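A structural walkthrough
Read off the chains here:
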Amino acid sequence: MPVIRAAICRAFGEPLSVEEVTIASPGPGEVLVDVKACAICHSDISYAEGAWGGDLPAVYGHEAAGVVEEVGEGVKTVRPGDHVVVTLIRSCGRCHYCSRDSLVMCEEVFPLDRHSPIGDGRGGSYHQPLRIGAFAEKVLVHESQMSAIPKDIPFAPASLLACGVITGYGAVANTAKVKPGQPVAVVGCGGVGLNSIQAAAILGADPIIAIDLSDYKLEAARRFGATHTVNPSRENAKEAVKALTGRRGVDFVFVTVGAKPAFDRAFDYITKNGAIVVVGMPPSGVMAEYDPGILAAWNQKVLGSKMGEAVISRDIPMLVEHYRAGRLKLDELVTGRYPLEEINAAIASVKEGRALRSVIVFDGA
């Protein structure tokens, strides 16, 4: 087994430690990828802080791009040398959900789900809570988890396609199916929220109202397509949204953060027939509150959106074309690049609100 470096979480809430580990060779349907870039998502941070529990020690990281190094028996979609985006969406293509194009809900249990490919060299293993473990030099994943990309696309921005982009963009395009002229609001203007904003702009929504407590992030929201911004710490967000929508509210509000107040207040922003799209993931046990009588009487809806309901073989090539045409901003999302040894500094920059996306880069990618 090859020996590689990986950032290990040994205790929730403690700094990650970079250590040598082993990685298995690919079995049937599996692919070994040489990681060139891995963006840091808030989900990685939440897991490492114990928000959702799980087993330790573990290797997080799930927004990856790299080069295919080796393929297992039966792999048909990629070959060694291909540049790929690697996602956590592992799908069989045959089960109840896959047959309905809901690949994010695939119910198959894969060999990689049963046994982690990351070892300690002494017979033990490291867990992969997000099915990739890309805070490491190499990853072993199922071929369904990746999409080949053109070799002229830089790895750092490409890595964002693996989660932040498909989640934010897909919530707007796939879950809500926003149409031109529909008013929308996006609560939370981090990496996922900004992609919801630029999806809304590409699809012609109007107005596009960005809501966040950070002026820095609201400035970014303007650059990514928001027509209006609201900071609830300085103004009444409900009144601001009503004033911009003829006193009715928006057709969709996308909650891209995992904070309880954001979910509770989302109902203040939607119109009759409107919908709340839940994109952000709060810690386990957080409960939101709503008035079911109003929900029924006003024909309102609550929609969950996991990973933007992405079908990566369809969505990632489409997003690459948007990027190449200048419609989708990716380079602008990368606000910090760090070597693996500085992963804790990269995480700190995200937690402190100083970064839209911090990216771990390998081999100068």
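Our subject in this report is the structure included herewith. Not measured: the values here are computed from a predicted model.

1. Quick notes on the overall build of the protein chain
Per the secondary structure count, the protein chain includes 11 helices and 16 strands. Relative to the globule expectation of 21 Å for 365 residues, the C-alpha radius of gyration of the protein chain, 20 Å, shows essentially globular dimensions. Projecting the C-alpha coordinates of the protein chain onto the three principal axes gives extents of approximately 65 × 40 × 40 Å. A buried classification covers 55% of the 365 residues belonging to the protein chain. Summed over its atoms, the accessible surface of the protein chain is roughly 15,200 Å², and 51% of this surface lies on carbon and sulfur atoms. Each charge sign in the protein chain was given a centre, from 36 positive and 41 negative side chains, and these centres are 6 Å apart.

2. Looking at the packing of aromatic side chains
Under the definition given, this model contains 4 aromatic pairs. Arranged with centres 5.7 Å apart and planes meeting at 20 degrees, the rings of tyrosine 47 and tyrosine 60 form a pair that is stacked. Of this pair, tyrosine 47 sits in helix α1 (residues 42-48) while tyrosine 60 sits in the loop between α1 and β4 (63-71); the two residues are 13 residues apart in sequence, bridging distant segments of the chain. Arranged with centres 5.7 Å apart and planes meeting at 20 degrees, the rings of phenylalanine 267 and tyrosine 290 form a pair that is stacked. With a gap of 23 residues between them, phenylalanine 267 in the loop between α8 (260-265) and β13 (270-278) and tyrosine 290 in the loop between β13 and α9 (292-297) connect regions that are remote in the sequence. Taken together, the ring pairs in this structure connect Tyr47, Trp52 and Tyr60 into an aromatic cluster.

3. Observations concerning the pairing of strand β9 (residues 184-187)
Burial along β9 is two-sided: Val184 and Val186 and Ala185 and Val187, pointing in opposite directions, are all buried. Direction of pairing for β9 relative to strand β10 (residues 208-211): parallel, over a ladder of 4 bridges. Bridging across to β10, valine 184 finds its partner in isoleucine 208. On the question of chirality, the crossover connecting β9 to the parallel β10 by way of helix α5 (residues 191-202) is right-handed.

4. Focus on the sheet that holds strand β6 (residues 118-119)
Across the sheet, 3 strands lie side by side as β1-β2-β6; this open sheet has antiparallel pairing. Each edge of the open sheet carries a strand with a single partner, namely β1 (3-8) and β6. Relative to β6, strand β2 (residues 17-23) is paired through 2 bridges, and the arrangement is antiparallel. Pairing of isoleucine 23 across the sheet is with isoleucine 118, part of β6.

5. Details of the pattern of salt bridges
Inspection of every chain in the model, using the stated rule, returns 18 salt bridges. A salt bridge links aspartate 363 to lysine 36; the shortest N-O distance between them is 3.0 Å. In this pair, aspartate 363 sits in the segment after β16 (357-361) while lysine 36 sits in strand β3 (residues 30-39), placing the two residues 327 residues apart along the sequence. Here arginine 314 makes a salt bridge to aspartate 315, at a shortest N to O gap of 2.6 Å.

6. Comments concerning the sheet that holds strand β11 (residues 228-230)
Here 6 strands make up an open sheet; going across it, the order is β11-β10-β9-β12-β13-β14 and the pairing parallel. Either end of the sheet is taken by a strand with one partner, and the two such strands are β11 and β14 (301-304). Put simply, the sheet's adjacent strands are angled 20 degrees from each other on average, direction ignored. Pairing analysis gives 5 bridges linking strand β12 (residues 250-255) to β13, with the strands arranged parallel. Note on β13: the bridge partner recorded for valine 250 is isoleucine 270. Contacts between helix α4 (residues 164-176) and the sheet are confined to β12, β13 and β14, with β12 contributing the most and set at about 135 degrees to the helix. The sheet strands contacting helix α6 (residues 215-223) are β10 and β11, and the helix crosses β11 at an angle near 165 degrees.

7. What about helix α10 (residues 312-324)?
With 13 residues, α10 should cover 18 Å at 1.5 Å per step; its first-to-last C-alpha distance of 17 Å lies within 8% of that length. Of the positions making up α10, those classed as buried are Ile312, Asp315, Ile316, Leu319, Val320, His322 and Tyr323. Seen end-on, α10 carries its buried residues on one side only, within an arc spanning 160 degrees. On its buried side, α10 packs onto β5 (83-86), β8 (146-149), α3 (155-159), α4 and α5. Taken from the residues just after α10, glycine 326 is the one with a positive phi, measuring 85 degrees.

8. Let's talk about α6
For α6, the complete set of buried residues consists of Lys217, Leu218, Ala220 and Ala221. One side of α6 carries all its buried residues, which in axial view fall inside an arc of 155 degrees. The inward-facing, buried residues of α6 abut α5, β10 and β11. The distance from a side-chain oxygen at the start of α6 to the backbone nitrogen of tyrosine 216 is 3.3 Å, and the residue carrying that oxygen is serine 214. A positive phi of about 125 degrees marks glycine 225, the residue just after α6.

Conventions used here
- Residues numbered from 1 in each chain as written.
- Predicted model: local features only at pLDDT ≥ 70, side-chain atom pairs only at ≥ 80, totals over all residues.
- Heavy atoms only, no water.
- Helix = DSSP H or I, 4+ residues; strand = E, 2+ residues; numbered from the N terminus.
- Rg over C-alpha atoms; globule rule 2.2 N^0.38 Å.
- Buried < 20%, exposed > 50% of the residue type's maximum accessible area, 1.4 Å probe, protein only.
- Areas by Shrake-Rupley, 256 points an atom, 1.4 Å probe, with all protein chains shown as cover.
- Lys, Arg positive; Asp, Glu negative; His and termini not counted.
- Charge placed at Lys NZ, Arg CZ, Asp CG, Glu CD.
- Phe/Tyr/Trp six-rings, centres within 6.5 Å; stacked < 30°, edge-to-face > 60°.
- Pairing = 2+ DSSP bridges.
- Right-handed = clockwise from strand over helix to strand, strands pointing away.
- Salt bridge = Lys/Arg side-chain N within 4 Å of Asp/Glu carboxyl O.
- Axes fitted to C-alpha atoms, helices over the stretch in contact; angles between N-to-C directions.
- Contact = heavy atoms within 4.5 Å.
- Expected span 1.5 Å × (residues − 1).
- Arc of directions from axis to C-beta.
- Polar contact = N/O pair within 3.5 Å; in protein donor to acceptor, adjacent residues only side chain to side chain.

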